[in-house]
Each structure stands twice: as C-alpha cells, then as structure tokens.
Amino acid sequence: MEPATQRTPSKWMVLAAAQSLLFLFGLPPLCRMYWDALFGSMPSQKISEILLVIVPPSVCVILYNIVMAPIYYYQIPYFEQYKIQKDRPWPWLDEREKVRRAFWDLSARSIKITAINLGMILPVMSTAKVFWIDEMLGTVNPRAFDTSDEHWPSPVENARNIILLAVLHEFGFYVTHRMSHAYPALYRYHKVHHEYKINTTLAAQHNHPVDHVLSIGGPALLAVSLVNPHSVSVFQWTVYTMMGNLDDHVGYAFPWSPVRWFPFSAGTDEHEFHHSKNMGCFGSKLSIFNSLFGGYDCYLEKKLE
C-alpha cells in the first residue's frame, strides 16, 4: 500500500488542516493573555518589534532540529516511507567514507552559517527596518502591541493579514530566487545553499549572508512593512514561514504537515527536486507564482518519467 501524500485526502490531511486552523484561530486568544506580560515591560516598542522578528525564527530552528534528530538517526521505517529521495541513501549512511565525512563537515558549516544569519544578519536587518525604514516609509504602527478590543485584530483581520504577508513574501522570494539562478553575479552567493543535494533541516538556513539578505530576510521585512499588521499577526506569520522553510528542507514529504494541505500550497518534494536538480520550482511554500510565471515544467516532466 502506497503511503499517503500531501495532496491526497486522508486522515493525515484532516490532521494537517486541524493543526492549521487551531494555530490560526486558537493561538491569538492565548497570545493575548500574555502579550502585555511579554512585551509591556520592554524599554520601547522598537525593542519589542526587533525581538519579535529575531527570537521566533531561532526557537523554531532549534526545536525543529531537536525533533528531527532522532528521526534521522534511528531511520524509523514508518517515517522512512515518506522519504523523498528514496533512490539515494542519506549521506551519513553512504558506504563511501568521503561522502560521510563531507556531510558532517557541511553540517558543521551549516550550524555556523545559521548562527550568523539568525544571530547577526537578521538582528541588523530588523534594527534597520524598525529605526530607519519604517520611519522613511511612514509605516510605524504605534498600536502594534496593543491588546485592547479596539486594536487587537479580529480573527478575519488577522487571517487576512497573515495571508497577505505570506503572498507578498512568497512573491519576493520567487523573484529573487529566480534572479539568483539567472544571473551569475547572484548565483555565486546562492550556490552556497545548493551545497545540499539531499536536504536535512540544517539546510534550511544554509545561505550565504548576501543570499539571506536578498531572498530570505529582505522579502520578509519588506512584506511586514507593506502590510503593517498587528504584532500577533507578525508572530504567527513568522512561525508559519519558518515552519515552511524547515519543512522545505526536511527531506520527507510528511502528509500531516500543516503547511502543505491547502489549495495553492507547494509540496515538500518540489523544493527537494530543486536541490537535487538545481532547476525549476523557484517558489517555497506556495505554488502560485511557479504556476503563473514558470518553474514547474522540468519538475512535471520528471514526475511523468
């Protein structure tokens, strides 16, 4: 019996949908109870905004890797049925010593690069956004952390803003990612990310700092400035984005993934294909722009083989 996929109706799709709906509509009331305690004592709203941008991504990366470590290590058959590149062994299990050694060297580099991107580059970018870019664009929201009925977003407003953030960020990522493959001056930085031919979650933030600014952090911060939502919307969208980024690189197409079940979502196997072939599938979490502007031709040809 073939395992369930991310695109076929199953009990796992129901679970994925339930996770998403609980996250989207159940989390904000819980956040509201503690929002003032978390951010009310900060020296200024600007500090709160910076922390909101830089802390959740690091927490997501750490927790996701902790969860995945035993799954990778123990090679549990139940999970292995969802492995995407079934025809290739995990590099740490390859019979060739040089392949195993290269993987561990790459993993060590990934930890350093991730620490630089999330611990240095992202804080600098978020500080620039909060202290200068928002002032220049006139997008300062003095009520961004207000928990009163007047300013706390309704479920509809919150969902709308998260969707807007997701679409804008996906468009920015698609354009900059495609440019990074089209222009050698940009690919010289993007090729660092393509050192992974078989993904693990350590590949998620394995980007040259220039590539990180151009394709990851830049589109994200620009989307936040343009939508200018309440801080709880920024928090939820950040978590969604990071979970999608990690799921892109997990190496498994888990059918219970909460970021893959809905219309216009992209499958995990698409980004895995992009890494293995270094072509096509230029989007990340959504299929919209690949479908509109191209990116699926070679992927669909491969699927038909």
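Residues numbered from 1 in each chain as written. Predicted model: local features only at pLDDT ≥ 70, side-chain atom pairs only at ≥ 80, totals over all residues. Heavy atoms only, no water.

Draft legend 1. Up close: the overall build of the protein chain. Looking only at helices and strands, the protein chain features 11 helices and 0 strands. Over its C-alpha trace the protein chain gives a radius of gyration of 20 Å, about what one expects of a compact globule, namely 19 Å for 305 residues. A total of 305 residues make up the protein chain; the buried ones form 49% of that total. Of the roughly 15400 Å² that the protein chain leaves accessible, carbon and sulfur atoms contribute 69%. Across the protein chain, 25 positive and 26 negative side-chain charges occur, with their mean positions spaced 6 Å apart. (Helix = DSSP H or I, 4+ residues; strand = E, 2+ residues; numbered from the N terminus. Rg over C-alpha atoms; globule rule 2.2 N^0.38 Å. Buried < 20%, exposed > 50% of the residue type's maximum accessible area, 1.4 Å probe, protein only. Areas by Shrake-Rupley, 256 points an atom, 1.4 Å probe, with all protein chains shown as cover. Lys, Arg positive; Asp, Glu negative; His and termini not counted. Charge placed at Lys NZ, Arg CZ, Asp CG, Glu CD.)

Draft legend 2. Spotlight on the environment of Val59. In this fold, Val59 is placed in helix 2 (residues 45–74). Separated by 42 residues in sequence, Val59 and Ala17 place their C-alpha atoms 23 Å apart.

Draft legend 3. The arrangement of the pattern of salt bridges in detail. In the structure shown here, the tally under the stated rule is 11 salt bridges. Among the salt bridges present, the one from Asp134 reaches Lys129, with a minimum N-O distance of 2.8 Å. Lys129 gets classed as buried once you look at its relative accessible area, which sits at 6%. If you follow the salt bridges from partner to partner, you end up with Arg7, Asp269 and Glu270 in one network. (Salt bridge = Lys/Arg side-chain N within 4 Å of Asp/Glu carboxyl O.)

Draft legend 4. Inspection of the packing of aromatic side chains at higher detail. According to the stated counting rule, one finds 31 aromatic pairs in the structure shown. Ring plane angle 70° and centroid distance 6.3 Å describe the contact between Tyr82 and Phe254, whose orientation is recorded as edge-to-face. Here Phe254 lies in the loop between helix 8 (231–248) and helix 9 (268–277) and Tyr82 lies in the loop between helix 3 (77–80) and helix 4 (97–137), a separation of 172 residues in the sequence. Ring centres 5.4 Å apart and planes at 85° place the aromatic pair Tyr82 and Trp256 in the edge-to-face group. Pair noted here: Tyr82 is in the loop between helix 3 and helix 4 and Trp256 is in the loop between helix 8 and helix 9, with a separation of 174 residues, a long-range link. The buried category is assigned to Trp256, whose relative accessible area is 18%. An aromatic cluster is defined as three or more aromatic residues linked by ring pairs; in this entry it consists of Trp12, Tyr72, Tyr78, Phe79, Tyr82, Trp90, Trp92, Phe103, Trp104, Tyr252, Phe254 and Trp256. Lying over the aromatic face of Trp90, Lys83 brings its terminal NZ or CZ to 4.8 Å of the ring centre. (Phe/Tyr/Trp six-rings, centres within 6.5 Å; stacked < 30°, edge-to-face > 60°. Lys NZ or Arg CZ within 6 Å of the ring centre and 35° of its normal.)

Draft legend 5. Examining the packing of helix 2 against helix 8 more closely. One can describe the packing of helix 2 onto helix 8 by two numbers: an axis separation of 9 Å at closest approach and a directional angle of 35°. Between helix 2 and helix 8 lies a crossing of right-handed hand. Mapping the contact onto sequence places Leu52, Pro56, Pro57, Cys60, Val61, Tyr64 and Asn65 in helix 2 and Ser231, Val234, Phe235, Thr238, Val239, Met242, Met243, Leu246 and Asp247 in helix 8. Taken together, the residues of the contact of helix 2 with helix 8 break down into 12 nonpolar, 3 polar and 1 charged. (Axes fitted to C-alpha atoms, helices over the stretch in contact; angles between N-to-C directions. Left-handed = near helix turned anticlockwise from the far one by under 90°. Contact = heavy atoms within 4.5 Å. Nonpolar A, V, L, I, M, F, W, Y, C, P; charged D, E, K, R; others polar.)

Draft legend 6. Structural detail: the nonpolar core. In terms of nonpolar packing, the biggest core is built from 48 residues, with Trp35, Met68, Trp237 and Tyr252 touching the most fellow members. Residue assignment for this core shows that the elements contributing at least two residues are helix 1 (11–39), helix 2, helix 4, helix 5 (155–182), helix 7 (209–227) and helix 8. When residues in this core are grouped by element, the largest group, 10 residues, is from helix 2. Non-local contacts of Trp237, meaning those with residues more than four positions away in its chain, are made with Ile162, Leu165, Ala166, His169, Ala220 and Val224. Membership of the second largest hydrophobic core comes to 5 residues, among which are Ala266, Phe273, Tyr296 and Tyr299. (Core = buried A, V, L, I, M, F, W, Y, C linked by side-chain atoms within 4.5 Å.)

Draft legend 7. Local environment of helix 9. For helix 9, the tally of buried residues reaches 8 of 10 residues, placing the bulk of the element in the interior. Residues Thr268, Asp269, Glu270, His271, Glu272, Phe273, His274 and His275 constitute the buried set of helix 9.

Draft legend 8. Helix 2, seen in detail. In a regular helix each residue adds 1.5 Å, so 30 residues correspond to 44 Å; helix 2 covers 45 Å between its end C-alpha atoms and thus fits that length. Along helix 2, the sharpest kink reaches roughly 30°, centred on Met68 and followed within four residues by the proline Pro70. A positive backbone phi angle near 50° is found at Gln75, which sits one or two residues after helix 2. (Expected span 1.5 Å × (residues − 1). Bend = angle between axes of the 7 residues up to and from the residue.)

Draft legend 9. The arrangement of the state of the cysteines in detail. For the structure shown, the criterion picks out 0 disulfides. For the unlinked cysteine Cys60, the closest cysteine sulfur is that of Cys31, found at 12 Å. According to the relative accessible area criterion, Cys60 is buried, its value standing at 12%. A disulfide-free cysteine, Cys281 has its sulfur positioned 6.3 Å from the sulfur of Cys298, the nearest such atom. (Disulfide = S-S within 2.5 Å.)

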